[in-house]
Amino acid sequence: MSVSTHSVTLLTRNGCGLCTVALEQLRPICADFGVEIALVDVDEAAATDPGLRAEYGDRLPVVLLNGREHSYFDVDESRLRADLAR
């Protein structure tokens, strides 16, 4: 397997049940492509980046692919796999 040039970030919040589900969905997908998942708690990040919580805080979880919004609330597995394969 080659090293992926993609990055996947999951924007989360402590106590978010949907965020936990999204992380569990992301783990096998990202493992198949050799991508590590970066987790960012928007509430913790607000200390240094308040805009992150302002932009995404009401619709978590959010999946970022290469720093751009890919999906929110649900992981779009087929689309994410296709995009990671590029």
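Below is a short write-up of the structure. (Residues numbered from 1 in each chain as written. Predicted model: local features only at pLDDT ≥ 70, side-chain atom pairs only at ≥ 80, totals over all residues. Heavy atoms only, no water.)

**What to know about the overall build of the protein chain**
Across its full length, the protein chain carries 4 helices and 4 strands. Mapped in sequence order, the helices and strands of the protein chain form the string β-α-β-α-α-β-β-α. Overall, the protein chain is about 40 × 25 × 15 Å in size when its C-alpha atoms are taken along their principal axes. Buried positions account for 38% of the 86 residues belonging to the protein chain. (Helix = DSSP H or I, 4+ residues; strand = E, 2+ residues; numbered from the N terminus. Buried < 20%, exposed > 50% of the residue type's maximum accessible area, 1.4 Å probe, protein only.)

**Some details on the environment of valine 63**
In this structure, valine 63 sits in strand 3 (residues 62-65). In the structure, valine 63 is positioned 12 residues away from glycine 51 in sequence and 17 Å away in space, judged by C-alpha atoms. The residues contacting valine 63, other than those within four sequence positions of it, are Val8, Thr9, Leu10, Leu26, Arg68, Glu69, His70, Ser71 and Val75. (Contact = heavy atoms within 4.5 Å.)

**Brief notes about the state of the cysteines**
All chains considered together, the criterion is met by 1 disulfide. Note on cysteine 30: no disulfide assigned, nearest cysteine sulfur contributed by cysteine 19 at a separation of 15 Å. (Disulfide = S-S within 2.5 Å.)

**Section: the packing of aromatic side chains**
All told, the structure shown has 1 aromatic pair when counted by the stated rule. Lying over the aromatic face of tyrosine 72, arginine 59 brings its terminal NZ or CZ to 4.9 Å of the ring centre. (Phe/Tyr/Trp six-rings, centres within 6.5 Å; stacked < 30°, edge-to-face > 60°. Lys NZ or Arg CZ within 6 Å of the ring centre and 35° of its normal.)

**Some remarks on the nonpolar core**
Note on soluble globular proteins: their nonpolar side chains tend to be buried together. Counting 13 residues, the largest nonpolar core has Val8, Leu10, Leu26, Val63, Val75, Leu80 and Leu84 as the members making the most contacts within it. Elements with a minimum of two residues in this core: strand 1 (8-12), helix 1 (17-32), strand 3 and helix 4 (77-85). Per element, the largest residue contribution to this core is 5 residues, and it comes from helix 1. Those residues in contact with leucine 10 that lie beyond four places of it in its chain are Cys19, Ala22, Leu23, Leu26, Ile37, Ala38, Leu39, Val40, Pro61, Val62 and Val63. Ranked by size, the runner-up nonpolar core spans 10 residues in total, among them Cys19, Leu52, Leu60 and Val62. (Core = buried A, V, L, I, M, F, W, Y, C linked by side-chain atoms within 4.5 Å.)

**A look at the pairing of strand 1**
Most of strand 1 is tucked away, with 5 of its 5 residues classed as buried. Across 5 bridges, strand 1 lies against strand 2 (residues 37-41) in parallel orientation. Residue pairing for strand 2: valine 8 is matched across the bridge by isoleucine 37. Traced from strand 1 through helix 1 to strand 2, the parallel crossover comes out right-handed. (Pairing = 2+ DSSP bridges. Right-handed = clockwise from strand over helix to strand, strands pointing away.)

**Some thoughts on the sheet that holds strand 4 (residues 68-72)**
One open sheet accounts for 4 strands, arranged 2-1-3-4; its pairing is mixed. A strand with exactly one partner marks an edge of an open sheet, and here the two such strands are strand 2 and strand 4. Each strand axis lies, on average, 30° off the axis of its neighbour in the sheet, ignoring direction. Pairing analysis gives 4 bridges linking strand 3 to strand 4, with the strands arranged antiparallel. If you follow valine 63 over to strand 4, its bridge partner there is serine 71. In the packing of helix 1 onto the sheet, the strands contacted are strand 1, strand 2 and strand 3, and the crossing angle to strand 1 comes to about 170°. (Axes fitted to C-alpha atoms, helices over the stretch in contact; angles between N-to-C directions.)

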